[in-house]
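Report on the structure
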Protein chains: 2
Amino acid sequence: MSKHKSLKKQREALCEDLLEAQFELQKANLGPVLLLVSGNDLAGKAELIYTFYEWLDNRYLNTRAFTLPQGIERKMPRLWRYWRSLPPAGTLGFYLGSWYHQPLIQLSRGRMSDTRFKSEMEQVTRFENQLAAEGVTLLKLWLHLDDDHAQHYPPREQQKQYDSLAMREWGEFSTTEYTKVREAAKRMSELTSTPIAPWIQVDSSDAEARDLYVGKLLLKAIKQKLQGKDAVPEEHDWQPSKSDRLEQLDYDHELKKDVYKRELEHYQHRLRDLARHPAFQKSSLLLVFEGADAAGKGGTIRRITHCLDPRMLRVHGTRAPTEEERSQPYLLRFWRRIPAPGKVVVLDRSYYGRVLVERIEGFCSDLRWQQAYGEINDFEAQLHKAGTLIIKFWLAITPEEQLSRFEDREKSPTKRYKLTDEDWRNRDKWSDYVNAMNDMVENTATPQAPWHVIPSTDKRYARIQALRIVCDTLQKRLKQS
Amino acid sequence: MSKHKSLKKQREALCEDLLEAQFELQKANLGPVLLLVSGNDLAGKAELIYTFYEWLDNRYLNTRAFTLPQGIERKMPRLWRYWRSLPPAGTLGFYLGSWYHQPLIQLSRGRMSDTRFKSEMEQVTRFENQLAAEGVTLLKLWLHLDDDHAQHYPPREQQKQYDSLAMREWGEFSTTEYTKVREAAKRMSELTSTPIAPWIQVDSSDAEARDLYVGKLLLKAIKQKLQGKDAVPEEHDWQPSKSDRLEQLDYDHELKKDVYKRELEHYQHRLRDLARHPAFQKSSLLLVFEGADAAGKGGTIRRITHCLDPRMLRVHGTRAPTEEERSQPYLLRFWRRIPAPGKVVVLDRSYYGRVLVERIEGFCSDLRWQQAYGEINDFEAQLHKAGTLIIKFWLAITPEEQLSRFEDREKSPTKRYKLTDEDWRNRDKWSDYVNAMNDMVENTATPQAPWHVIPSTDKRYARIQALRIVCDTLQKRLKQS
């Protein structure tokens, strides 16, 4: 059999296997397989993707090309746009110009120090570990031409061929940068080739061989996934808390009605003015409310939001994830809710559910909630860096106070709806929640996103405290800017 | 009891009732209640919304303020941004500056003829009927000041009060326009006060009375909704088809392999060039593929998409709606998928599912699929107006041909996955589908979005026909621009 015939046969067989694997992946609704298609200019990145559009079922393919961040993207955390555009479960994604693109360019042009590059690559590695832990399979491809081709870079013949095919590459790197980019890529590969997501060098000198090679890699990756053999990171970095923050609190604070009214008006006025301050347009505000059932989150939130312009405000309740959300990485729905510049987002319960209810009810594995502390810290650090002010509240009540509030609710015809069987069940797990709360504060109270634990036996006191903290923190931030 | 005390009591009672109704609405996951808050400047539109943020559970409130369309919005159909931002099921939405805003301004400034205004209002009425039919309740409020206030417009005292409260209105209309806007609003109300969604005049002279009045309206609307007493339009406008387009076809077309190869290369080349034409950046392309199972939609789509830049392309398969999608208006998920300028969207099955599978399987009421023809025509007309080229294909095979393809699939180890029990069940309903297909073409083949019925017994022939039609239509369009 001629070489040509043999290749054709191989390709046809591979294509059929891939189609079937793609269908199985889709049916199983497993996390997506994401191919980062990187490499030298003219190394055939686009051509490779075209091949897969010819071979596979186009309905379950997603291609995204990232150039420099545009518009709102420049004001949001760097990884935001990648989070938002993660392909849905059961599909394949092709990323041209991934999260590596910008740092790589900057390093190669001498516009980023190696130290800074290293720290960026560490962040990227944590991001990729998180994706892997959430069932996203990453194939990081680096397409290169062999030395013979590279010497004559850009290869004239190939150039001509591309032009004639109207398949010009998306010019990532100019010719003269070739060597520098290669050096930077080497450094990138050193720093980010992890056991979970190694860089795979792909020789692109022969297009047909390249497509077959990548096709086989992809097939293997999907098959491993279907067999549940995906590599996932096992590390986590957290410490159980040794102190009980809830026991230490003074629950006897009280505020008289007339004082409360005066203070309420004062702080609402102040908050209204602060939110209208021109400097706030460059910042944004994320308020996180956690606490036991009936701790008074809703009422406190209403006192805060009432004085904010509804147009700049979103209040999100965090409920059990929908079926679609369950097939996505846990933090994705919260990435989708982060405030744009000049906006306020209030979370009535939040992503901390991962280390509270999900931990206690066993909705995720021990490993996953243990890893969540670091993931959440990363998430908040990125928001902070992009200018978001994060204020986190735990409204604390005693179990006795909760019981009395539950009983009040039961008696009231208009508040009964607030009380569910689940609330009663949660009461039985009080000590579990106390533990989880303490571990949470221990591991996620950072200078840029501290926890404020407010004794809330007296609702008036709690509301004024929360308003005061929001005002003071916001004022401090606006003065700095 | 003093008037003040009595009002306070009324307010407290109303507030409790509203909270409970809001909770019931949320639990029942019924379509949202959408309040269009319109009216004269300084009539207290924002203030009214603030009140509801104080009274209600903020998690289930959505406020959107629409000013003039920005960026991409200006290039998309006018109603697109309203479709996209419809509040989710079970919630309340407040729209400031709704779809009435722009036409109203233009009419009042003499920049739109009455004829044009009338036709815009007709479109809006059809849109509102569609929302109502899909379970969205509309409350259209027009806030006005009484004549005494209006005479002294803008009321100085009120102006001062707003300023001091830092609650300035969103300036919709300048002072001098007051009378003109009032005239235009009268015309608007004449044209769009339908039994389904009448305009409600709200006297805004006394803020407290106004809030109580609107609160009671809202309560009544939610209660009617919970009792299933929402008003819905009963009209539809369609004719059963009298001819059979599938019987008339010549299924004997064939294309030899070498001719096919040559033509395929020719048309793919042509399509590649057309899609890269600079003028295409101002247009966009929507390809709709329908046809019986095994008619060859996937293979035809791959031949078309293979030569398009994956970055400009999305292929969507239309599956049964998810739980979340079922709680939304039917066309919403397709509004979310329409192509932006310079992009190509291919639908492998489409919104025509409403008048095909949903009709035949009884997934929606007879009334709803009968209304769908008009709704779909409206949808396509809006896309067309915004510059989208719509090409719709029905790939036609005979039942005998389908049987033979099913049997082939059953025998092939790599194609078996394509065949499901549902495919066999659908075969039993062949004549229902023929009827539905004929009614569909009869009622939705418009000059701007014609149907192309292609005999597809020979796959090669069908693929080349589809490619040729796409090329010819696109070329014609690009020449015009």
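Residues numbered from 1 in each chain as written. Chains lettered and ligands numbered in written order. Predicted model: local features only at pLDDT ≥ 70, side-chain atom pairs only at ≥ 80, totals over all residues. Heavy atoms only, no water.

For chain A, an unreviewed UniProt entry supplies the name Polyphosphate:AMP phosphotransferase and the organism Pseudomonas neustonica.

This paragraph deals with the packing of helix H1 (residues 3–28) of chain A against helix H9 (residues 207–226) of chain A. Residue and element names in this part refer to chain A. Packing of H1 against H9 leaves a shortest axis separation of 9 Å and a crossing angle of 30°. The angle between H1 and H9 falls in the class roughly parallel. Read as a crossing pair, H1 and H9 show a hand that is left-handed. Between H1 and H9, the residues in contact are Leu 7, Gln 10, Arg 11, Leu 14, Asp 17, Leu 18, Ala 21, Glu 24, Leu 25 and Ala 28 and Glu 208, Leu 212, Gly 215, Lys 216, Leu 218, Leu 219, Ile 222, Lys 225 and Leu 226, respectively. Grouping the amino acids of the contact of H1 with H9 by side-chain chemistry returns 11 nonpolar, two polar and six charged. (Axes fitted to C-alpha atoms, helices over the stretch in contact; angles between N-to-C directions. Helix = DSSP H or I, 4+ residues; strand = E, 2+ residues; numbered from the N terminus. Parallel < 35°, antiparallel > 145°, perpendicular 65-115°, else oblique. Left-handed = near helix turned anticlockwise from the far one by under 90°. Contact = heavy atoms within 4.5 Å. Nonpolar A, V, L, I, M, F, W, Y, C, P; charged D, E, K, R; others polar.)

What follows covers the packing of aromatic side chains. Residues and elements named next belong to chain A. Enumeration according to the criterion identifies 47 aromatic pairs over all chains in this entry. Geometrically, the ring pair formed by Tyr 82 and Trp 99 is edge-to-face, given 5.5 Å between the ring centres and 80° between the ring planes. Separated by 17 residues along the polypeptide, Tyr 82 in helix H3 (residues 80–84) and Trp 99 in the loop between strand S3 (92–96) and helix H4 (101–108) bring together distant segments of the chain. Measuring from ring centre to ring centre gives 5.1 Å for Phe 406 and Trp 424, while their planes differ by 75°; the resulting arrangement is edge-to-face. Within this pair, whereas Phe 406 is found in helix H16 (residues 399–411), its partner Trp 424 is found in helix H17 (residues 421–428), the two being separated by 18 residues in sequence. Looking at Trp 424, the relative accessible area reads 29%, which means it is partly exposed. (Phe/Tyr/Trp six-rings, centres within 6.5 Å; stacked < 30°, edge-to-face > 60°. Buried < 20%, exposed > 50% of the residue type's maximum accessible area, 1.4 Å probe, protein only.)

We now examine the interface of chain B and chain A. The interface of chain B with chain A comprises 44 residues on the first partner and 44 residues on the second. In total, chain B and chain A occlude about 4,400 Å² of area from one another, counting both sides; carbon and sulfur atoms represent 56% of this. Summed over the shared surface of chain B and chain A, the result is two salt bridges. A salt bridge links Asp 348 of chain A to Arg 59 of chain B; its shortest N-O distance comes to 3.6 Å. If you list the elements that add at least two residues to the side of chain B that touches chain A, you get helix H1 (3–28), helix H2 (45–55), strand S2 (61–65), helix H10 (257–275), helix H11 (297–305) and strand S7 (313–317) of chain B. Here the residues of the side of chain B that touches chain A sort into 19 nonpolar, 11 polar and 14 charged. (Buried area = accessible area lost by both parts, 1.4 Å probe. Salt bridge = Lys/Arg side-chain N within 4 Å of Asp/Glu carboxyl O.)

Turning our attention to the sheet that holds strand S5 (residues 199–203) of chain A. All names here are of chain A. Taking strand neighbours across the sheet as the criterion, the five strands line up as S2-S3-S1-S4-S5 in an open arrangement whose pairing is parallel. Only two strands of the sheet have a single partner each, and these edge strands are strand S2 (61–65) and S5. When the angles between neighbouring strand axes are averaged without regard to direction, this sheet yields 25°. Bridge count for strand S4 (residues 137–144) against S5 is five bridges, and the pairing is parallel. When the bridges of S5 are listed, Lys 140 appears paired with Trp 199. Set on the sheet, H9 makes contact with strand S1 (33–39), S3, S4 and S5; between it and S4 the angle comes to about 170°. (Pairing = 2+ DSSP bridges.)

After a rotation of 180° and a shift along the axis of 0.0 Å, chain B superposes on chain A with an RMSD of 0.0 Å. Both copies are brought into coincidence by an operation consistent with a two-fold rotation axis. (Least-squares fit on C-alpha atoms with pLDDT ≥ 70 in both.)

Okay, the sheet that holds strand S3 (residues 92–96) of chain B next. The strands that make up a sheet are held in pairs by hydrogen bonds between backbone atoms, and each pair lies either parallel or antiparallel. All names here are of chain B. With parallel pairing, five strands are arranged side by side in an open sheet as S2-S3-S1-S4-S5. For this open sheet the edge positions go to S2 and strand S5 (199–203), each flanked by a neighbour on one side alone. Neighbour-to-neighbour, the strand axes of the sheet open up by a mean angle of 25°, direction not taken into account. Of the pairings in the sheet, the one linking S2 to S3 comprises five bridges and is parallel in character. Its bridge partner lying in S3, Asn 62 is registered against Gly 93. In the packing of helix H9 (residues 207–226) onto the sheet, the strands contacted are strand S1 (33–39), S3, strand S4 (137–144) and S5, and the crossing angle to S4 comes to about 170°.

Bringing the domain arrangement of chain A into the picture now. Residue and element names in this part refer to chain A. By the assigned domains, chain A splits into domain 1 (3–226) and domain 2 (257–480). When each unit is reduced to the centre of its C-alpha atoms, the spacing between domain 1 and domain 2 is 39 Å. Listed by partner, the interface residues are 18 residues for domain 1 and 21 residues for domain 2. Of all residues in domain 1, Pro 77, Trp 83 and Glu 134 give up the largest surface area on contact with domain 2, accounting jointly for 34% of the area buried on that side. At the junction of domain 1 with domain 2, the criterion picks out three salt bridges. In this structure, the salt-bridge partner of Arg 354 is Glu 134, at a minimum N-O distance of 3.5 Å. In this structure, the connection of domain 1 to domain 2 is made through five residue pairs in polar contact (both at pLDDT 80 or more). Taken together, the elements giving at least two residues each to the side of domain 1 that touches domain 2 come down to H3 and helix H5 (114–133). Per-element accounting of the side of domain 1 that touches domain 2 gives the leading share, five residues, to H5. (Domains from an automatic or database assignment. Polar contact = N/O pair within 3.5 Å; in protein donor to acceptor, adjacent residues only side chain to side chain.)

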